[in-house]
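# Notes for the structure review
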Amino acid sequence: AGLLLQEDLVLMRAEPGGAHRVQAAFVVFSFGRVLERVGMDLEQVHADVNRFPSDLRKPVGRFFDKLSASAPAWRTNFGLTWSPSLVPTPDRYPHRASYAPEATHNTPGKWMMARIGEVGVGRAVWLKVEYQTVRRLRGASDHALFTVRT
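Notes on the structure follow. (Residues numbered from 1 in each chain as written. Predicted model: local features only at pLDDT ≥ 70, side-chain atom pairs only at ≥ 80, totals over all residues. Heavy atoms only, no water.)

## A few points about the side chain of aspartate 41
Going by this rule: Numbering of helices and strands starts at the N terminus; helices are DSSP runs of H or I of at least 4 residues and strands are runs of E of at least 2. The cut-offs for exposure are 20% and 50% of the maximum accessible area for each residue type, with area from a 1.4 Å probe on protein chains only; residues under the lower value are buried, those over the upper are exposed, and the others partly exposed. Just so you know, the count uses Lys and Arg for positive and Asp and Glu for negative, and it drops His and the chain ends. Salt bridge criterion: a side-chain nitrogen from Lys or Arg within 4 Å of a carboxyl oxygen from Asp or Glu. Contacts between residues were defined by any pair of non-hydrogen atoms, one from each residue, lying within 4.5 Å.
Following the sequence through the fold, aspartate 41 ends up in the loop between α1 (34-37) and α2 (42-45). Despite its burial, aspartate 41 pairs with no opposite charge, the nearest such side chain being arginine 21 at 4.2 Å. Excluding residues that lie within four positions of it along the chain, aspartate 41 makes contacts with Ala19, His20 and Arg21.

Laid out in structure tokens, this is it:
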């Protein structure tokens with residue numbers, strides 16, 4: 001299926017107790033470290049997302065719990081990146097501590113503002129837009145397919 005579609009595909013499975021885990025993925029553009037993410041739950045997958053544990057974990061969990069096969073959902077998502085590449089390389093989000101250059105760990109805001117000051121915001125950052133769908137699978141109601149088109 002991944003060779004026939006433009007969207008990235010992520011298969012999620014609901015476990016007893018409420019966790020939703022990545023079971024399989026065919027991802028080119030949405031996010032990196034795909035093999036590391038197989039088996040992770042939603043909170044682990046979104047560990048780098050600011051305020052996910054405190055503000056988004058419960059609403060996202062409820063959303064997945066209530067998802068039905070007869071009512072797929074969609075949303076758009078956007079963010080600013082530091083690289084024009086669609087491929088999820090570390091230079092796209094250098095401010096994230098897990099792979100930021102050591103010099104930016106302590107002062108990511110200063111580094112980013114300096115870059116904007118040097119070349120202007122139009123050449124320092126890029127707008128990344130995603131169209132996302134999620135649907136519960138018929139006949140395998142504990143599974144959901146999440147698609148992302150970047």
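Still more ground to cover, so stick around.
## What about the sheet that holds strand β1 (residues 8-14)?
Note the threshold: Only when DSSP finds a minimum of two bridges between them are two strands counted as paired. A fitted line through C-alpha atoms serves as each axis, taken over the contacting stretch for helices, and the angle formed by two N-to-C directions is quoted from 0 to 180°.
Taken in spatial order, the 5 strands make up an open sheet running β2-β1-β5-β4-β3, and their pairing is antiparallel. The open sheet is flanked by β2 (20-26) and β3 (73-81), the only strands paired with a single partner. Taking each pair of neighbouring strands and ignoring which way they run, the sheet shows an average axis angle of 25°. Of the strand pairs in this sheet, β3 and strand β4 (residues 126-137) are connected by 9 bridges, and their pairing is antiparallel.

## Here's the deal with the packing of aromatic side chains
As a reminder, the rule being used: The pairing test for Phe, Tyr and Trp rings, Trp by its six-membered ring, is centres within 6.5 Å, and the orientation test on the planes gives stacked under 30 degrees, edge-to-face over 60, and tilted for anything in between.
This model, assessed by the stated rule, comprises 2 aromatic pairs. When the centroid spacing of 5.6 Å and the interplanar angle of 90° are considered together, the rings of phenylalanine 63 and phenylalanine 64 count as edge-to-face.

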